[in-house]
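Structure assessment
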Amino acid sequence: MTSMAETVQRVLIVEDEVEIRRFVRMALNAEGFEVIEAESVQRGLIEAGTRRPDLVVLDLGLPDGDGIELIRDLRAWSDMPVLVLSARTTEADKISALDAGADDYLVKPFSAGELLARVRAQLRRRARTGADGGSTAIEFGEVKIDLLHRSVVRAGEPVHLTPIQYRLLVHLTGYPNCVRTHRQLLHAVWGSSHSDDTPYLRVYMGQLRKKVEIDPSQPRHLLTEAGVGYRFVP
Amino acid sequence: MTDSRPDPDRLLARIKDDEIQARRGKLKLFFGASAGVGKTFAMLSAARVQQQQGVDVIIGVIETHGRAETEALVSGLPKLELKEIRYRDRVLREFDLDGTLERKPQLVLVDELAHSNVAGSRHAKRWQDVEELLDAGIDVWSAMNVQHLESLNDIVTGITGIRVWETVPDRVFDETDEVVIVDLPPDDLLLRLKEGKVYLPQQAERAVRNFFRKGNLIALRELALRRTADRVDSEMLQYRRNLQAAPVWQTRESILLCIGPDERSEKLVRTTARLSAQLGVPWHCIYVETPRLQRLPDAARQRVLQLLKTAEDTGAVTATLSGSELAATIVRYAHEHNLPRVVLGRDSGRLRRPWQTPLAEAVGALTADLDILQVALPARERSAGGRSGAAKTSVHQGDTLAWRSYLWSALICGAVTLAVAPLTPLLDGANIVMVFLLAVVGVAVKFGRGPAVLAALLTVGMFDFFYVPPRFSFSVTDAQYLLTFGVMLVVALVIGQLTAGLKFQARVARSREERVGALYAMSRDLSGALMPEQIAEIGARFLKSEFAASAALMIPDPEDRLHGAVHSEGQPEGMDAGVAQWAFDHDEAAGYGTNTLAAAPVLYVPLKAPMRMRGVLAIGTTNPGRLAGPEQRRLLDTCASLLAISLERVHYVDVAQTVTVQMESERLRNSLLAAISHDLRTPLAALVGMAESLTMMKLPGMSPELETAQRMRDAALRMNSLVSNMLDMARLQSGPVQLNRQWQPLEEVIGTALKAMSGTLDHRPVKVALADDLPLVDIDAVLFERVLCNLLENASKYTEPRSPIDIRAIASDEHVVITVDDTGPGLPKGKESAIFAMFERGRKESSTPGVGLGLAICRAIVEAHGGTIRGETKPQGGARFTIELPRGTPPSLEGLERLDKLDGDSDDEHG
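Here we summarise the structure given alongside this text.

**Side note on the overall build of chain A**
Helix and strand content of chain A: eight helices and 14 strands. For chain A, the proportion of its 234 residues judged to be buried stands at 55%. For chain A, the accessible surface area stands at approximately 10000 Å², while carbon and sulfur atoms represent 48% of it.

**Observations regarding the overall build of chain B**
Broken down by element type, chain B carries 28 helices and 23 strands. Within chain B, the proportion of its 911 residues that are buried is 42%. Of all intrachain contacts in chain B linking residues separated by at least 6 positions in sequence, the fraction that spans at least 24 positions is 70%.

**Here's the deal with a positive patch on the surface**
Residues and elements named next belong to chain B. A cluster of basic residues, K446, K503, R507 and R510, forms a positive patch on the protein surface. Sorting elements by how many residues they give to the positive patch places helix 19 (residues 480-528) first, with three residues. Here K446 is to be found in helix 17 (residues 429-447).

**Quick look at helix 27 (residues 854-864) of chain B**
Residues and elements named next belong to chain B. The complete set of buried residues in helix 27 reads G854, L855, A856, I857, C858, I861 and V862. The inward-facing, buried residues of helix 27 contact helix 23 (703-733), helix 26 (781-798), strand 22 (868-873) and strand 23 (879-886). Looking one or two residues beyond helix 27, the residue adopting positive phi is G866, at roughly 80°.

**Structural notes on the packing of aromatic side chains**
Taken as a whole and judged by the stated rule, the model has 11 aromatic pairs over all chains. Taking 5.3 Å as the distance between ring centres and 70° as the angle between the ring planes, the aromatic pair formed by W190 of chain A and Y204 of chain A counts as edge-to-face. Taken together, the positions of W190 of chain A in the loop between helix 7 (182-189) and helix 8 (198-212) and Y204 of chain A in helix 8 put the pair 14 residues apart, joining distant regions of the chain. Of the two residues examined, W190 of chain A and Y204 of chain A, each falls in the buried class. An aromatic cluster is present here, built from F436, F463, F465, F466, Y467 and F485 of chain B joined pairwise through their rings.

**Quick look at the interface of chain A and chain B**
Taken together, the contacts link 45 residues of chain A with 48 residues of chain B. In total, about 4100 Å² of surface goes out of reach between chain A and chain B, with carbon and sulfur atoms giving 60% of it. As a salt-bridge pair, E748 of chain B and R209 of chain A come within 3.9 Å of each other at their nearest N and O atoms. Of all elements in the fold, only helix 1 (18-30), helix 5 (112-131), helix 6 (163-173), helix 8 and strand 13 (222-225) of chain A reach the threshold of two or more residues within the side of chain A that touches chain B.

**Overview of the sheet that holds strand 21 (residues 815-821) of chain B**
Residues and elements named next belong to chain B. With mixed pairing, the five strands of this open sheet are ordered in space as 18-20-21-23-22. Only two strands of the sheet have a single neighbouring strand rather than two, namely strand 18 (766-770) and strand 22. Pairs of neighbouring strands in the sheet enclose a mean axial angle of 15°, with direction left out of account. In terms of strand pairing, strand 18 meets strand 20 (residues 805-811) through five bridges, oriented parallel. Considered in strand 20, the bridge of A769 is made with R808.

**Focus: the sheet that holds strand 1 (residues 27-32) of chain B**
Residue and element names in this part refer to chain B. Taken together, the five strands give an open sheet; going across it, the order is 2-5-6-1-7, and neighbouring strands pair in parallel fashion. Here the strands that pair on one side only, and so sit at the sheet edges, are strand 2 (57-61) and strand 7 (178-182). Geometrically, the sheet is characterised by an average inter-axis angle of 20° between neighbouring strands, direction not taken into account. Sheet topology places strand 5 (residues 107-110) next to strand 6 (residues 139-145); four bridges connect them, and they run parallel. Each residue of the ladder has a partner; that of L109, found in strand 6, is W141. Its contacts with the sheet place helix 2 (residues 39-52) against strand 1, strand 2, strand 5, strand 6 and strand 7, and it is angled at close to 165° to strand 6.

**Focus: the nonpolar core**
Residue and element names in this part refer to chain B. One finds F31, L44, L109, V110, L113, L133 and V140 to be the most contacted residues of the largest nonpolar core, which totals 54 residues. Apart from residues no more than four positions distant in its own chain, V110 is found in contact with V61, F95, R126, V130, L133, V140, W141, S142 and A143. One finds M757, V777, I861 and I883 within the second-largest nonpolar core, a separate group that totals 43 residues.

**Details of the packing of helix 6 (residues 153-160) of chain B against helix 11 (residues 265-279) of chain B**
Residues and elements named next belong to chain B. At their nearest, the axes of helix 6 and helix 11 sit 9 Å apart, and the two run at 110° to each other. In this view, helix 6 runs roughly perpendicular relative to helix 11, as classed from their interaxial angle. The segment helix 6 lies against helix 11, with N153, D154 and I155 engaging K267, R270 and R274. Of the residues that constitute the contact of helix 6 with helix 11, the class distribution is one nonpolar, one polar and four charged.

**Things to note about the pattern of salt bridges**
All names here are of chain A. Using the criterion set out here, one finds 48 salt bridges over all chains in the structure. In this structure, the salt-bridge partner of R120 is E31, at a minimum N-O distance of 2.9 Å. Of this pair, R120 sits in helix 5 while E31 sits in the loop between helix 1 and strand 2 (34-38), placing them 89 residues apart in sequence. Relative accessible area serves as the criterion here: at 32%, E31 is assigned to the partly exposed category. What emerges from the salt-bridge pattern is a single network uniting R10, E34, R43, E47 and R51.

**Section: unusual backbone geometry**
Look at the link from K108 of chain A to P109 of chain A: it is a cis peptide, with omega at -5°. Its place among the elements puts P109 of chain A in the loop between strand 7 (104-107) and helix 5. Positive phi values are uncommon outside glycine, yet D587 of chain B reaches one of about 50°. Along the chain, D587 of chain B turns up in the loop between helix 21 (577-586) and strand 14 (590-591). For D587 of chain B, a relative accessible area of 37% gives the class partly exposed.

**What about helix 17 of chain B?**
All names here are of chain B. With 19 residues, helix 17 extends 27 Å from end C-alpha to end C-alpha; this agrees with the ideal 27 Å at 1.5 Å per step. Among the residues making up helix 17, those that are buried are I432, V433, F436, L437, A439, V440, V443 and A444. Seen from one end, helix 17 has its buried residues packed into an arc of 155°, which puts them on one side. Seen from the open side of helix 17, the exposed residues pointing more than 90 degrees away from its buried face are M434, L438 and K446. Residue G448 follows helix 17 closely and has a positive phi angle near 95°.

**Focus: the pairing of strand 14 (residues 229-232) of chain A**
One face of the sheet, then the other: side chains in a regular strand alternate in exactly this way. Residue and element names in this part refer to chain A. Bridge analysis of strand 12 (residues 179-181) against strand 14 gives three bridges, and the strand direction is antiparallel. Bridge assignment links T181 to a residue of strand 14, and that residue is G229. Note that strand 13 and strand 14 share four bridges and pair antiparallel. Bridge assignment links T224 to a residue of strand 14, and that residue is Y230. Between strand 13 and strand 14, which pair antiparallel one after the other, the connecting turn spans three residues, and G227 there sits at a positive phi close to 75°.

**Describing a nonpolar patch on the surface**
Residue and element names in this part refer to chain B. Taken together, M611, Y652, V655, V659 and M663 make up a surface patch of nonpolar side chains, about 480 Å² in accessible area. As for its position among the elements, M663 is in helix 22 (residues 630-695). For M663, a relative accessible area of 57% translates into the label exposed.

**As for the side chain of N177 of chain A**
Mapping N177 of chain A onto the fold places it in the loop between helix 6 and strand 12. In this structure, N177 of chain A is in contact with D103, D104, A121, Q122, R124, R231, F232, V233 and P234 of chain A, ignoring residues within four places of it in sequence.

**Looking at the environment of L115 of chain A**
Residue and element names in this part refer to chain A. Summarising the element assignment, L115 is placed in helix 5. Note on L115: relative accessible area 0%, which makes it buried. In sequence terms L115 and L85 are 30 residues apart; their C-alpha atoms lie 9.8 Å from each other. The contact partners of L115, leaving out residues within four places of it in the chain, are V24, L83, L106 and F110.

Scoring rules and cut-offs
- Residues numbered from 1 in each chain as written.
- Chains lettered and ligands numbered in written order.
- Predicted model: local features only at pLDDT ≥ 70, side-chain atom pairs only at ≥ 80, totals over all residues.
- Heavy atoms only, no water.
- Helix = DSSP H or I, 4+ residues; strand = E, 2+ residues; numbered from the N terminus.
- Buried < 20%, exposed > 50% of the residue type's maximum accessible area, 1.4 Å probe, protein only.
- Areas by Shrake-Rupley, 256 points an atom, 1.4 Å probe, with all protein chains shown as cover.
- Contact = heavy atoms within 4.5 Å.
- Patch = residues over 30% accessible without salt bridge, like charges linked within 9 Å, V, L, I, M, F, W, Y side chains within 5 Å.
- Salt bridge = Lys/Arg side-chain N within 4 Å of Asp/Glu carboxyl O.
- Lys, Arg positive; Asp, Glu negative; His and termini not counted.
- Charge placed at Lys NZ, Arg CZ, Asp CG, Glu CD.
- Phe/Tyr/Trp six-rings, centres within 6.5 Å; stacked < 30°, edge-to-face > 60°.
- Buried area = accessible area lost by both parts, 1.4 Å probe.
- Pairing = 2+ DSSP bridges.
- Axes fitted to C-alpha atoms, helices over the stretch in contact; angles between N-to-C directions.
- Core = buried A, V, L, I, M, F, W, Y, C linked by side-chain atoms within 4.5 Å.
- Parallel < 35°, antiparallel > 145°, perpendicular 65-115°, else oblique.
- Nonpolar A, V, L, I, M, F, W, Y, C, P; charged D, E, K, R; others polar.
- Expected span 1.5 Å × (residues − 1).
- Arc of directions from axis to C-beta.

Structure, rendered in C-alpha cells:
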C-alpha cells in the first residue's frame, strides 16, 4: 500500500444528494483524505478551480446542469482524475462522460470499500505518471511488456502479437484502472475512420485475452465494461 | 460461342410456377370425345378408391342422368347440397361454391366443367368456380368433352354442324395438373346409345341423333386423343426444361396477331391460339385503333373487346394500341416485344382497291426481319346474318343523321348558285368555279366527307347548267369545259376529303387533350390530398366529369376487410361490399362488364399500388357504353392506378407519423423510468453506504452494532436488486424495447456476468465451455448480461454452496445455443414453462428470497432478441436453461485483418 503521500490529499465531491455526500465524506475522511463538497456544477467548478483537489468524484445528474459539462470545462485546464457516479441503466451517459474525459465510473449503489479502492487506484496512477512518466516497461500478472523492443513476454515465454494487438495492449496498459470506451480505443488503435467498427475491437480483445489471460472467459486484467468499453487492471 | 446459361426468365417462370403450384389445389380432368363415353363413371370410381384411402372426398355436383350404375357410385360418397337460386319466377339449383369453400374438403368432384352458371351466380362459368376452389387449395376433379375446348370449337362446329356455346378456355385445359382420357371406340358408344345407356336431352333428340353419327364420333375421338397427346408432349417439354436438358438457350419466338373490327377476326384468334399451342410459344393479340377506326359504331368496338377477351382466354397477352399508321404500329410493337412472327388476316373475297397497299405488304416493306403469316378469312356471306344485327341498327341511326347533312349540302349548293347569279356579268367563269370550290370546302368542314362529295358533284352540275354556254342546259359547246369540269370535280373531291379528315383528326386530338388535361388536373389535386376522404372525392369528381359515373372508394381495415365507402355522398346505386371484397381479394376487376358477376350494375376495380392492394373503386353509371371502349378502359385504369398510388402515399404519411409518435413516447418513457430509477436508488445508495461506513468504524467491543450494520447493508442491497428487477420489467413491459444490438463474442458477456455475480455465486465453481467455431452474436450486451446474471442468481438460489455451475455455448446452422446447468433439485415437474411467467416461483412455500421476476425478465429480453428460452430438469438431475438466439449474418472482419497484415510482420496464428 502506498502511504507515500506526505501531504494530505484532497478529494472534491460534486453531488446534490446530501445523504450520499455525507457517507462519501465519512468514508474518505476515515481514510485520511480531505474532502471538499459541492452540490452543483457551478459550485463544483469554483471549488475545483480554487481548491485544486487531487481527484473529483462527480454525480452525473445535477440540478443546474449536466455533470458532463463540468468534465469538459475541467479538462480544458486540468488532467486531475475524475470518478463518475451513475445509475446502472444509463450506458449512454457513462460513455459520453468517459469520452468527455472522465477516468472511471461507479454504479449506484456502490460500497464505500469499492469507492475507496477506485479513488486510491486513480491517485496512485497519477502519482506514478507524475514521477516516472518515461518508464519503458509495463508489468502485470505474468506478463511483461518491453516498450523499447516492442516485445511481450508471458511467464518467461515470448508472446507473438500482431501489430494491432500490440498497439491495443499498450494503449490499454497506458491507462491502468481507467475505463476506455470503444470509441476511444478504436480511434487510438485503428484511427478515426474506424470509430464505429466495434465488432473488430471485440474480436481483437478476444484474441488478446487468449494470449495474455489465464482464463480468457473470466479475465483478470483485460476486463469488459458491458456496453461501454474495457478496463485494464494491473 | 455457345452460351449455356439458363435463360433467367425461364428459371424465374419455373420458380414462380413451383411457388404457385405448392399453394394451389390440383385439378384432375376426365376428358372424353363426346357424351356417353363414361367420364362421370370413371371419375366416381376413382373417387371411391380415394375415399377408401382416407381422403376427404365430397361431391360438389354430379349429373347422373338417372343411370343406375352411376347412382350406385354416387350414393356411397358424401354429397354437398346444391344451392337454390331464384331466377325470375323459377328456382334453379346450382353448384354451391361458397358452401364448398366453407366446408373445405380435400377433394371435390365437380362435373361438367364447361357448364354455364345460372344468372346471378358469382361467376358466369363453372370453370371459374373451379379456379377459385383451386386457389383456395382444394383439389378438384372434373369432366369435359373435346367440343367444349375454346380453340377447337369452330373445328367441331365444322365437323358436326352443331355449334357448342359452352366453352372452356384452353388455358384451363393446359394448366390442368392431370388429364385422364376416357376413351370408348365409336362402335361401342353407338351400341350404348342404342341400348339407351346414353343420356339425351329430350327436346333436342333429333339434332343429337344427328350428332352421334359414326363419322362424327371418329373425328371427335381423334381430336380428343390428339389434343391430349399435344398436352403430354408439352409436359415432356416442361420436364426437359426442368431438367435443363436442352444445351442451347434460345429466346422464345412468340407470335403476334393483329385483329381488326371485322367479326371474322374470330377465326384469326382461334387459328393463332392453335398455332401457338402447337409451337409451344406464347402469343400476343393486339388491336390497333387508327383515327379511322375510332369512328366505328359502339357495337363494332364491343366486338373488338370481345375478341380480345377470347384471345386472353386462350392464353394471349392482349393490348389495344393507338396509332395513325397501322403497319408502323404493328412493326413497332413486334420489335418491342421480340415477336418475330406476325399473323394477319387475308380477305380473299374482297376486291382490292388499286391505291391501297395490302397490310401484309405494308408491314413487309417496313422491316425485313418479321415473318408474316397470312390466314384466309372466311367469305363474308356466312356471317352477314344474325349476330351483326346490332351493328346494322346503329349504322342505320348514323344514316338518318347523315341524310340531314346531305340535304344541307344540297341546300348550300343551291344557295351559292343563286348568290352567284347576279354577279355573272362581272365574273369570269374561272372565278365562279372558285366560289363553288369554296362552298365545297365549307360543306366539308361542317358536315364531313359524304356531303362534301355530294357538294362536289352538285356544284359541277350547277356550274354546267347555269353558267356554261349554252346556259340552262347540260350540253356544252366548247370541249374545253370538259377539262374544267374534270379538274373542278377532282379538286373539289380532294379538298373535301382532306378538310373532312383534318377536321376529324382535330376533334380526336382535342378530345385526347381534354382527357390528358383532366388526368393532369386530377393528379395535381391528388398530390395535395392528405386524407383518403379527399382522394375519394377527387376520384369521384373525375369519374363524374369523364364518364358521367358515380363512384365510391373503399379502403380495407388492418385485417383486409372492406367496409362501405370512404366518402358517403353520391355512391353508385346497388353497390355490394361482398363483390368489392372479392375484387380486392383476387386482384381482379369484378361486376359490370367483367368475368365475375357481369350482371351487377356496378364495376369494381381493385386499386393496386406498388407495395400492395390499397382498396377498391366502385363505379356505377347510367350509360354503360361509356365504360366499355378500349380508350375509356385505359383511362379508367390510369385513374385507378393514380388513386392507388395516392392512397399508398397517404398511408405512408400516416405510418411516418405513427413512428414519430412512437419514438416520442419511447423517449418519454425512458426519461420517466430514469427519473424513478434515480429517485429510488439514491436513498438506497445512501443507506448502503452509511451502513457500510458504520461497519468500517472499527470500534472495539461493539459487535452487536457491527452485525446490525452489516445486516442493514445486506438488506439494502437485496432491496436494490429487487428495485432493479422491477424497473427492468417495467421497461420491458411498457412497450417495444429499444435494443442497443452489436455484434460481439459471447465470451465477453459471459465474463461480465460472472464478474458481476461473483458475490452472489459465493465460490461456486463455474465452468465455461464455448465451442471454438462460435460466431459473433448480435445482442444488447447490457440486457443480455442481465439474462445471464438472473440465470446465475437463480442457480445459486436453488443450489448448495460450492456446487458447480456449467455454462456452454454451441452454434448450429440457424442458432447459437447457450445452456446454463446446475446441480440443484431441478424444476418443479409440469411447471417448466410456467416459471417464466411474472411473479411465478418454483416453490411457493420456499424461504428463498425473490418475487419471481428474474426469469420473466430473461424471457422478455431473449424474445426481444428474436430468440427463445426454456427450462428443463436434466435426466441426471439439476436444472438446465437453454437459450437459442438466431445466428444472423455477422459482419465480415476481413478488411481490418488485412490492414493488420499490411501493417508489418505476419502473425503465425492467422496464417
